[in-house]
Amino acid sequence: VQLQAFGGGLVQAGGSLRLSCAASGRTFSSYAMGWFRQAPGKEREFVAAISWSGGSTYYADSVKGRFTISRDNAKNTVYLQMNSVKPEDTAVYYCAAATTYYSGSYHYEDEYDYWGQGTLVTVSS
């Protein structure tokens, strides 16, 4: 599975941005997908995840109510809609695919098997 994240860029605080992650392979619809981010000088952290069907979504408290994760299995793509962005959202954003079913909310990096290359989001104040 190859993942390619794109859509990052420079956005003003309070603005919106949509990230996309395109996946190769025919079994995309059987993977849970997640977004993580890594800010300068910080460890990578969980942002959001979505179940294989899209029926369940999970968010970090810091983005709940502002970000929305969704997927289009017909297009092998997962999205992260970022609204009301803040300077503290500045980070490299990574998408990841989990091929194993877990009963939890896919918050942990070691639950994911494949990672994209990351796309930089910069929020100016």
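Conventions we followed
- Residues numbered from 1 in each chain as written.
- Predicted model: local features only at pLDDT ≥ 70, side-chain atom pairs only at ≥ 80, totals over all residues.
- Heavy atoms only, no water.
- Pairing = 2+ DSSP bridges.
- Helix = DSSP H or I, 4+ residues; strand = E, 2+ residues; numbered from the N terminus.
- Axes fitted to C-alpha atoms, helices over the stretch in contact; angles between N-to-C directions.
- Salt bridge = Lys/Arg side-chain N within 4 Å of Asp/Glu carboxyl O.
- Buried < 20%, exposed > 50% of the residue type's maximum accessible area, 1.4 Å probe, protein only.

Asker: What's the story with the sheet that holds strand 7 (residues 67–72) in this structure? I'm lost.
Answerer: Strands pair in a sheet through their backbones, by hydrogen bonds, and they do so in one of two ways: parallel or antiparallel. If you walk across this open sheet you meet the four strands as 1-3-8-7, and the pairing is antiparallel. Edge strands, defined here as strands with exactly one partner in the open sheet, are strand 1 (3–6) and strand 7. The mean angle between the axes of side-by-side strands here comes to 15 degrees, regardless of whether they run parallel or antiparallel. Note: strand 7 against strand 8 (residues 77–82), six bridges, orientation antiparallel. Residue S70 lies in a different strand from strand 8, and its bridge partner there is Y79.

Asker: Would you take a moment to explain the pattern of salt bridges for this structure?
Answerer: Side chains bearing opposite charge may pair, as long as their charged atoms lie close to each other. One pass over the full model with this rule turns up five salt bridges. The salt bridge partner of E45 is R37, with a shortest N-O separation of 2.7 Å. For E45, a relative accessible area of 36% corresponds to the partly exposed category. R37 gets classed as buried once you look at its relative accessible area, which sits at 5%. Here D61 ties to K64 by a salt bridge, and the two come within 3.2 Å at their closest N and O atoms. Take D61: its relative accessible area is 68%, and that puts it in the exposed class. Ionic contacts of the salt-bridge type, sharing partners, join the residues R37, E45, R66 and D89 into one network.

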